[in-house]
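# Analysis of the macromolecular model
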Amino acid sequence: SGPLRTHAAGRGKFIGAALATGPLSNETSYRNLAATEFNQVTAENAMKWDATEPSQGQFNFSGADAIVNFATQNNQQVHGHTLVWHSQTPGWVQSLSATAMRTAMQNHISQVVGRYASNASVVSWDVANEVFDDNGNMRTSFWYNTLGQSYIADAFRAARAADPDARLCINDYNVEGINAKSTAMYNLVSSLRQQNVPVDCVGFQSHLAIQYGFPTDLQQNLQRFAALGVQVRITELDVRMQMPRDATKDATQATYYRNVVNACLAVTACAGVTIWGFTDKYSWVPDTFSGQGAALIYNESYQQKPSYTAVHDAL
Ligand code: XIL
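Fair warning: this is a prediction, and the values are worked out from it, not measured in the lab. (Residues numbered from 1 in each chain as written. Predicted model: local features only at pLDDT ≥ 70, side-chain atom pairs only at ≥ 80, totals over all residues. Heavy atoms only, no water.)

Side-chain positions along a regular strand alternate between the two faces of the sheet. With six of six residues buried, strand β1 (residues 14–19) lies mostly within the body of the structure. Alternating residues of β1 divide into F14, G16 and A18 and I15, A17 and L19, and every residue in both groups is buried. Where β1 and strand β2 (residues 40–43) come together, four bridges link them in parallel fashion. Within the sheet, the bridge partner assigned to L19 lies in β2 and is A43. (Buried < 20%, exposed > 50% of the residue type's maximum accessible area, 1.4 Å probe, protein only. Helix = DSSP H or I, 4+ residues; strand = E, 2+ residues; numbered from the N terminus. Pairing = 2+ DSSP bridges.)

What follows is about the state of the cysteines. Simply put, disulfide is the name for a covalent bond between the sulfur atoms of two cysteines. One pass over the full model with this rule turns up two disulfides. The residue that forms a disulfide with C169 is C201, at a sulfur-sulfur distance of 2.1 Å. Handedness here is read from the sign of the S-S torsion; for C169 and C201, about 95°, the answer is right-handed. Taken together, the residues C169 in strand β5 (residues 167–172) and C201 in strand β6 (residues 201–204) connect sequence positions 32 residues apart. Exposure remark for C169: the relative accessible area of 0% places this residue in the buried category. Two residues, C264 and C270, share a disulfide whose sulfurs are 2.1 Å apart. Here the disulfide of C264 and C270 is left-handed, its torsion about the S-S bond being about -100°. For the pair C264 and C270, a shared accessibility class is recorded, and that class is buried. Each disulfide of the protein joins two cysteines, and with those cysteines numbered along the sequence the arrangement is 1-2, 3-4. (Disulfide = S-S within 2.5 Å.)

Within the fold, E176 resides in the loop between β5 and α10 (180–194). Buried and unpaired, E176 has K181 as its nearest opposite-charge partner, separated by 7.9 Å. Within the structure, the side chain of E176 is placed 3.3 Å from the backbone nitrogen of N174, a separation counted as a polar contact. (Lys, Arg positive; Asp, Glu negative; His and termini not counted. Salt bridge = Lys/Arg side-chain N within 4 Å of Asp/Glu carboxyl O. Polar contact = N/O pair within 3.5 Å; in protein donor to acceptor, adjacent residues only side chain to side chain.)

Right, let's talk about the site of the ligand for a bit. By nearness alone, 13 residues border the ligand, and E44, N45, K48, H81 and E236 come closest of all. Between the ligand and the protein, one listed contact pairs an oxygen atom with a side-chain N or O atom of E44 at 2.4 Å. Contacts to the ligand include E130, whose side-chain N or O atom sits 3.0 Å from a nitrogen atom. In the complex, the protein chains occlude 79% of the 410 Å² of accessible area that the ligand would expose alone. (Near = heavy atom within 4 Å. Areas by Shrake-Rupley, 256 points an atom, 1.4 Å probe, with all protein chains shown as cover.)

Bringing the environment of Q231 into the picture now. Mapping Q231 onto the fold places it in strand β8 (residues 231–242). Residues Q231 and A271, spaced 40 residues apart in sequence, show a C-alpha to C-alpha distance of 6.8 Å. Setting aside its immediate chain neighbours within four residues, Q231 contacts R167, D200, C201, V202, A269 and A271. Of note is the side chain of Q231, whose polar atom sits 3.0 Å from the side chain of R233. (Contact = heavy atoms within 4.5 Å.)

What follows is about the packing of aromatic side chains. Here the structure, examined in full by the defined rule, presents 15 aromatic pairs. Between F59 and F61, the ring centres sit 5.9 Å apart and the planes meet at 10°, which makes this aromatic pair stacked. For F61, a relative accessible area of 11% puts it in the buried group. Ring geometry for F204 versus F225: centroids 5.2 Å apart, planes at 80°, classification edge-to-face. Residue F204 is located in strand β6, and its partner F225 is located in helix α11 (residues 218–226); the two are separated by 21 residues in the primary sequence. For F204, a relative accessible area of 0% translates into the label buried. Overall, F225 belongs to the buried group, its relative accessible area being 0%. Aromatic ring contacts, followed pair by pair, group Y30, F38, F278, Y282, Y298 and Y308 into a single cluster. Positioned over the ring face of Y186 is R224, at 5.1 Å from the centre of the ring. Positioned above the aromatic ring of F289 is the side chain of R240, whose terminal nitrogen or guanidinium carbon lies 3.6 Å from the ring centre. (Phe/Tyr/Trp six-rings, centres within 6.5 Å; stacked < 30°, edge-to-face > 60°. Lys NZ or Arg CZ within 6 Å of the ring centre and 35° of its normal.)

Remember, this is a structural readout, not a statement about activity or role.
Now the structure itself:
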């Protein structure tokens, strides 16, 4: 018994959720669970570039502030997500020349990180998100195509300048197991740190699916990154299934949640686990992966699922 956050805190870890501003503003059950069960929050969309700087130099922090204020009221830490990404970034950024794009990136980071630099709730940022392809090559995004790989180091340096105390992360998906992509991430982080680029942390999104199997070398992979001297964290955990839900799939899903929490608990450098939402009522999965869903720890009616119990009992 007792909320997840109490147990996580007792283990020296955070348990987090991504929050959406809509239900946070108008749904009591959503607000109450978000407040009571979690001690860390991430904005699901409200801190992304399209939300915070939709046109050049015109900043809008209404959604971001709503998340941060909620977290402050509820004694939760905020993980800022995300500064430099190929997705959810306005067209005006994508069409800039190299010099103008680098300046716009540095200004965006300075304004967004700077706004919360003195806010005690906001403690970390995803500076660069999804820079790799699954084969381990750099993703040929507009960032890479216009600026080359140097945009990554420049982004971290700009974030450090804007908030010297924030923990700065690089974040990606399909890097949970040891594979070509996670090894490319490992090599990049190692190389950046050798060059004194301020990379403090690596985020493992962990968008898992029961039909693809569990990455059984997750703990070993977290440990090899920890050996580079970085903090590691699970940043966007969900475990989707082909719909419809049934008890067998729920049980498999619960073991995946338990295994992820246990891997983080077993690695001292793992700061915690953030789930990408908490209720199946609001999840990106059905919109993104056709025919799949039920990826979270509460159902659409805010009832706890076996996955909730698995996380609770692991903590
Ligand atoms: C997703 C959100 O959950 C959706 O609401 C939005 O429409 C698209 O982005 N990797 C990330 C997250 O880093 O920002 C993404 O979030 C999910 C994949």
